[in-house]
Amino acid sequence: MGIMPRNRGGEGGIVAVDMLSERATMMRESVQKSQSITDNMVSILGSFDHRLSALETAMRPTQIRTHAIRKAHENIDRTLKAADVILSQFDLSRQAEAKILKGPHEDLESYLEAIEQLRNNIRFFNNNKSFKSSDGVLNNANSLLAKAISKLEDEFKQLLSSYSKPVEPERLFECLPTSMRPSTGSPGDQDSSSKNHLPSSHGEHNHGTDDTVYTPPTLIPPRILPLLHDLSQQMVQAGHQQQLVKIYRDVRFPVLEESLRKLGVEKLSKDDVQKMQWEVLEFKIGNWIHYMRIAVKLLFAAERKVCDQMFEGFEQIKDQCFADVTTGSVAMLLSFGDAIAKSKRSPEKLFVLLDMYEIMRELHSEIELLFRGKSCNEIRESAFGLSKRLAQTAQETFRDFEEAVEKDATKTAVSDGTVHPLTSYVINYVKFLFDYQSTLKQLFQEFENGDSNSQLAAVTMRIMQALQTNLDGKSKQYKDTSLTNLFLMNNIHYMVRSVRRSEAKDLLGDDWVQRHRRVVQQHANQYKRIAWAKILQCLSIQGLTSSGGSNSMGVDGQNSSGVSRALVKERLKTFNIQFEDLHQRQSQWTVPDTELRESLRLAVAEVLLPAYRSFIKRFGPMVESGKNPQKYIRYSAEDLERMLGEFFEGKTLNEPKR
């Protein structure tokens, strides 16, 4: 609103002021009215606020009760839900109890599920111990679980026992490679020990390169093993490891021992072994080698497989059960080997010791694999300990042999000059050694440094020299030096011939062979010189001429050359006596080698027969012209040749002449 200008006239200005005043009055009234309304509103609102405050105060108990009721409903809902869970646990517990009371035999899978449910219930109530009856429920559940596990133990034992049967020998033989299967009932019935101390190709030749397959027998059906695994798992979870191990040992231990007993394994003490005759012991050692191979490669391998599958996931239990079941059987087998290794050493034991050492070497890696783990330490070390003892004893026996050969004092006389038993024994011994070359070299490498080939050659050379030294001593027992030479000729020839036909030739060399062939010839020449020198003198012209003889035939029967008939007769008579004596004695002598025998006869005949023919041709007429010429000329050259054919045949004294 503006101020009107004064020049518009007085009347008009007054009207304007009046209008303005009127408006101002209206506005004032309006403001006053508004203020009055505001004051009234404030008063009303103040009154309303006061009444609301009073209402809120009046409503507060109701709100509190409503909240309490709502909370109560929530608690009731939670309690009802908890009650449902508890009731369901009770229901599951009753179901589990019903299955457990039935036992595991009818439905093992359901039984195991019930045990797991029972364990869940126990865990639940352990976590809800605020529940009023939780202690009672837990006691009942734990008691029921203990009964369930007890029944599981019984089921495990019953199931394991019913399927644990000894393995029959025939079934074991079927698991062997074809070449090792006996032709009859057991290894002992076949000629498996025919080598005895005579070696054959086996252990060492197959070691590391043998591709033959051994198929361990199935001890427990594959369909049963998972059940036994589940049962054992439950027992372990229940903390019954020791009961599990004990049950397994008590069931399987006697079964394994019975399998070995049926096979032929015996419990033999050291005293039993020491009392045995060598032939019996040798036979049992041959069988023991087969038993060791069957036990390790078949029975122990099969038992290990059962343990690994049944106790899968429980390594310590695997090893413990395997150790507990096999320890007695292993000890029974090793004790026999140990008794042999510790028994008194003798040369004939070397080869069986080497056989035993070979099988232990062959089985070394398998023993290490099967008897792994801490629980098997003692068994494993026992087996390896036996290998070392066998090696040591074999080494010592081999060393003893050389000394025994040189010092052999056997009084066995070979009156016929043939090959001495010691010679054939030693030569066969040496030949057999070459079937064990790799084993012997292994022994040399274990106990000595250097080249094993040269060591074997040196030992063999020393043994042969020891034999010759002994034979030289034995040859001196003969009073007849010609027989001494025949004896040495026979024996050294046997040595040379045997070496030439064996692998020893490569080891000893051609030089050894040639040197000893010359020795044989020297003894043959010595025999011929000593045995026949005296009789050849009878056929010599020397000494036949009588002093003072004339050119005419005299009373004493001298011929024109002065040879005395009497002396000729005497010579022929002496010749006959000596030849008959030689024939009688030397027909009893023996040259066992056909070629050498014929060669020696021929050498004698080449000297004797020409000399006899010459003597008879020259002086025979002097005797034939006299009385009883057949008394002096008893034999023709052909007769002598025939009789020489009877020399060295080893005839007995009471055998008539041919």
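These numbers come from a predicted model, not from an experiment.

### Concerning the environment of Pro-226
Part 1 of the reasoning: Among the secondary structure elements, Pro-226 is positioned in helix 6 (residues 225–237).
Part 2 of the reasoning: In this structure, the C-alpha to C-alpha distance between Pro-226 and Phe-311, residues 85 residues apart in sequence, is 9.8 Å.

### A closer look at the confidence of the model for the protein
Low-confidence regions, as indicated by low pLDDT, have predicted coordinates that should not be scrutinised in detail.
Part 1 of the reasoning: Put simply, the protein has an average pLDDT of 81, and 77% of its residues get 70 or more.
Part 2 of the reasoning: Of the regions scoring below 50 in pLDDT, residues 547–556 engages in 13 contacts with residues more than four places distant in sequence or in other chains.

### Side note on the layout of surface pockets
Part 1 of the reasoning: Quantified by volume, the largest pocket comes out at close to 460 Å³.
Part 2 of the reasoning: Taken together, 18 residues make up the lining of the largest pocket; nearest its centre are His-493, Arg-517, Val-520, Glu-595 and Leu-596.
Part 3 of the reasoning: If you list the elements that add at least two residues to the lining of the largest pocket, you get helix 16 (481–500), helix 18 (510–538) and helix 20 (594–624).
Part 4 of the reasoning: When residues in the lining of the largest pocket are grouped by element, the largest group, 6 residues, is from helix 18.
Part 5 of the reasoning: Residues belonging to the lining of the largest pocket are distributed by class as follows: 7 nonpolar, 4 polar and 7 charged.

### Details of a positive patch on the surface
Part 1 of the reasoning: A cluster of basic residues, Lys-431, Arg-500, Arg-501 and Arg-517, forms a positive patch at the surface.
Part 2 of the reasoning: Topologically, Arg-501 is positioned in the loop between helix 16 and helix 17 (504–508).
Part 3 of the reasoning: Judged by relative accessible area, which is 67%, Arg-501 ranks as exposed.

### Some words on empty space enclosed by the protein
Part 1 of the reasoning: Taken as a whole and judged by the stated rule, the model has 3 cavities of 30 Å³ or more.
Part 2 of the reasoning: The volume enclosed by the largest cavity comes to roughly 70 Å³.
Part 3 of the reasoning: What lines the largest cavity is simply Met-292, Val-296, Phe-300, Val-330, Leu-333, Leu-334, Ile-367, Phe-371, Ile-379 and Ala-383.
Part 4 of the reasoning: Among the elements of the structure, helix 9 (278–310), helix 10 (315–342) and helix 12 (377–407) are those that each provide at least two residues to the lining of the largest cavity.
Part 5 of the reasoning: Its residues assigned to classes, the lining of the largest cavity shows 10 nonpolar, no polar and no charged.

Reading guide: rules and limits
- Residues numbered from 1 in each chain as written.
- Predicted model: local features only at pLDDT ≥ 70, side-chain atom pairs only at ≥ 80, totals over all residues.
- Heavy atoms only, no water.
- Helix = DSSP H or I, 4+ residues; strand = E, 2+ residues; numbered from the N terminus.
- pLDDT = per-residue confidence, 0-100.
- Contact = heavy atoms within 4.5 Å.
- 1 Å grid on protein atoms, 1.4 Å probe; cavity = no way out; pocket = protein on both sides within 12 Å on 5 of 7 lines; lining within 4 Å.
- Points joined across faces, edges and corners; volume = space filled by probe spheres on them.
- Nonpolar A, V, L, I, M, F, W, Y, C, P; charged D, E, K, R; others polar.
- Patch = residues over 30% accessible without salt bridge, like charges linked within 9 Å, V, L, I, M, F, W, Y side chains within 5 Å.
- Areas by Shrake-Rupley, 256 points an atom, 1.4 Å probe, with all protein chains shown as cover.
- Salt bridge = Lys/Arg side-chain N within 4 Å of Asp/Glu carboxyl O.
- Lys, Arg positive; Asp, Glu negative; His and termini not counted.
- Charge placed at Lys NZ, Arg CZ, Asp CG, Glu CD.
- Buried < 20%, exposed > 50% of the residue type's maximum accessible area, 1.4 Å probe, protein only.

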